[in-house]
Each structure stands twice: as C-alpha cells, then as structure tokens.
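Working through the structure, step by step
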Amino acid sequence: MCCNMDSGIKNDEESKAKTPSLWEDILRESEEERTLFEEMQRERVELLPERPHQEGCAEYLKREIFPILLPAMEGMLIEANRWNALRIQKCRFSGLDYLAEVLWNKNPRRSRVKWLDVFEIPTFKLQLRLNPRPIFPKSWLWTKERAAVELQRWVRGWLVRKQEDVQEMRQFWMAIAEDSERFAEIERHKKEEDKSDPCRHYKRLLDVQKRTTLT
C-alpha cells in the first residue's frame, strides 16, 4: 500500500512537472512573437534593393553638401555686409531667404531655365501659404539681450543633449518606442490572422482561459 501511495505521489509530481506554468507560457509566447517579428524583419530586408556602398555622413557632406553650401554662406555674409544687416536691426535682408534662393537655383537636379526669386519658388510659395509669416520678424522685435538669451538657451540645450548620460536616456526611450511599435505590428499581424482564420482567435481565448484557471 505504501508503494501505491508513493507511486501515486510520484505520478502527481510528474503531471505537475509536465504542466507548464503561467510564466513558462508567457516566455514561450514572447519567444514566438520575437521569432515572428525577426522573420518579418528578415523578409523586409530581403525585399530592399542592395546598395553597392554605404558612405559615411562626413563623406557625403564633403562631396554633395559643402561644395554648394559653403559658397552660398560666404555669399550670404557678403550680401549681409552690403545691406549693413549686422548693424541695422530692422533690415530687410534675410539670410535664410538668401540661402534658400541660392540653394534652390544651384541645385544640380533642377533644370536651369531661369533664376527664380525666393518668393517665386513653388515649394516656398506653398510653405508661405500653409504657414504665413508674422508681420514683423523676431529680429525686429527682440532686443540684443533677448536674442543673446535665446541663443545661449539653445546652445546650453545642445550641450546637455550631447552628454553621454542624456544620450543613453534618449536611446533608452527610443528603444521603448521601437518595442511598442514592434508589439503593435505583431498585434496587427495577429488580428489579420484572426480575420483569415476565426478558429485561431477562439483557440487563443481558450488558452488564456486555461492559464487563468490553472493559476
């Protein structure tokens, strides 16, 4: 009789050991979702066209941006000096408008028909229509002290954002956002599967109910 009791206890222990716990079910589902997401990412990467060479940002700036931007900025300073914009506060000259005009007209991808004024550029006109400018720019309204405070505020913010601990925190929240997007994509994929196969949805509900009863 003792042997029968021992064998019964062993069978109960073996059955409990074979029954997966709630934590094991969670780990298994998480592993399945991660595998599914990795397969989706792998398929997406395979569909992308191959690029022969990935150059760095510095090389791209030296080759494509600086040859056009640096002469335009030099011309902007010369034009600002001609307008005496550095001494007169309420000056009509706008450095950003000058840069926009020069960069648009010297764009190699644009067919050079004629030189367009900044207010004749199509994208510029659309931007002004969507976001009209105020009557007076801030350079006309702010004092030198206020402008200095604003510049210092932005510089201090940039210095803080480039610190290692701040960069680490920003990368952490970026990773959280990417994980949220990944789980949302997996949920959308599951809903699409449930629509194509309703039995899968009910089976998942039964699994959830079974786990809750076991706990």
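Counting starts from 1 at the beginning of each chain's written sequence and moves along it residue by residue. Note on the predicted model: pLDDT of at least 70 is required for a residue's local features to be given, and 80 or more for side-chain atom pairs to be given and counted; whole-chain, interface and lining totals, by contrast, use all residues. Based on all heavy atoms of the structure, the side-chain values leave hydrogens and waters out of the count.

What about the overall build of the protein?
- Strands here are runs of E lasting at least two residues and helices are runs of H or I lasting at least four, both read from the DSSP assignment and numbered beginning at the N terminus. The helix and strand tally for the protein stands at nine helices and zero strands.
- Taken from N to C terminus, the helices and strands of the protein fall in the order α-α-α-α-α-α-α-α-α.
- A buried classification covers 13% of the 215 residues belonging to the protein.
- Contacts are assigned to residue pairs with any non-hydrogen atoms lying within 4.5 Å of each other. Considering only residue pairs separated by 6 or more positions, the protein has 38% of its internal contacts joining residues 24 or more positions apart.
- Throughout, the Shrake-Rupley method with a 1.4 Å probe supplies accessible areas, and for residues the shown protein chains are the sole cover considered. By element, 59% of the accessible surface of the protein is carried by carbon and sulfur atoms, the whole surface being about 19000 Å². Three labels apply to residues, based on accessible area from a 1.4 Å probe with only protein chains included: buried if under 20% of the type maximum, exposed if over 50%, partly exposed otherwise in between.

With respect to the packing of aromatic side chains
- The pairing test for Phe, Tyr and Trp rings, Trp by its six-membered ring, is centres within 6.5 Å, and the orientation test on the planes gives stacked under 30 degrees, edge-to-face over 60, and tilted for anything in between. Counting across every chain of the model gives five aromatic pairs.
- Each ring, one from F119 and one from F124, has its centre 5.7 Å from the other, and the planes form 85 degrees; the classification is edge-to-face.
- Classification of F124 by relative accessible area gives buried; the value is 15%.
- When the centroid spacing of 5.2 Å and the interplanar angle of 70 degrees are considered together, the rings of F172 and W173 count as edge-to-face.
- Residue F172 is classed as partly exposed on the basis of its relative accessible area, which comes to 43%.
- Judged by relative accessible area, W173 falls into the exposed class, the value being 52%.
- Of the aromatic side chains, those joined through ring pairs into one cluster are W83, F93 and Y98.

A closer look at unusual backbone geometry
- With a phi close to 60 degrees, N84 is a non-glycine residue in the positive phi region.
- Mapped onto the elements of the fold, N84 is located in the loop between α3 (57-83) and α4 (95-105).
- N84 sits in the partly exposed class, given a relative accessible area of 30%.

A look at the pattern of salt bridges
- Note on definitions: salt bridges are taken to be side-chain nitrogens of Lys or Arg within 4 Å of carboxyl oxygens of Asp or Glu. One pass over the structure, following the stated rule, counts seven salt bridges.
- Residue R133 pairs with D97 through a salt bridge whose shortest N-O separation is 2.6 Å. Taken as a pair, R133 in the loop between α5 (122-130) and α6 (138-141) and D97 in helix α4 lie far apart in primary sequence, 36 residues in all.
- For D179, the salt bridge goes to R182, with nearest N and O atoms at 3.7 Å. Separated by three residues within a single helix, D179 and R182 lie in helix α8 (residues 164-196), roughly one turn from each other.
- D179 sits in the partly exposed class, given a relative accessible area of 32%.

Examining the nonpolar core
- Definition used in this section: a nonpolar core is a set of buried Ala, Val, Leu, Ile, Met, Phe, Trp, Tyr and Cys residues joined via side-chain atoms within 4.5 Å. Core analysis: the largest hydrophobic core is formed by seven residues, namely A72, M76, A80, C91, F93, L99 and V102.
- Considering every element that reaches this core, the biggest residue donor is α3, with three residues.

Some remarks on the packing of α3 against α4
- Every angle, taken between N-to-C directions, lies between 0 and 180 degrees, and every axis is a line fitted to C-alpha atoms, over only the stretch in contact when it is a helix. Axis separation between α3 and α4 bottoms out at 10 Å; the angle between their running directions is 140 degrees. In terms of their interaxial angle, α3 and α4 are classed as oblique. In this structure, α3 crosses over α4, and the sense of that crossing is right-handed. Residue-level contacts link I68, L69, A72, M73, G75, M76 and E79 of α3 to G95, Y98, L99, V102 and L103 of α4. Working rule for angles: under 35 degrees goes down as roughly parallel, over 145 as roughly antiparallel, 65 to 115 as roughly perpendicular, anything else as oblique. In this scheme the crossing of two helices becomes right-handed for a clockwise turn of the near helix relative to the far one and left-handed for an anticlockwise turn of less than a right angle.

Here we look at the environment of L36
- Note that L36 resides in helix α2 (residues 22-47).
- A sequence separation of 150 residues divides L36 from I186, and the C-alpha atoms of the two residues are 8.0 Å apart.

Topic: a nonpolar patch on the surface
- Patch construction takes residues with relative accessible area above 30% that form no salt bridge. Like charges are linked within 9 Å, and nonpolar side chains (Val, Leu, Ile, Met, Phe, Trp, Tyr) are linked within 5 Å. Side chains of Y60, L61, I65, F66, L70 and M73 sit close together on the surface and give an oily, nonpolar patch of about 480 Å² of accessible area.
- Note on placement: F66 falls in helix α3.
- Taking the relative accessible area as the measure of exposure, F66 reaches 33% and is therefore partly exposed.

Nothing here speaks to function; it is all geometry.
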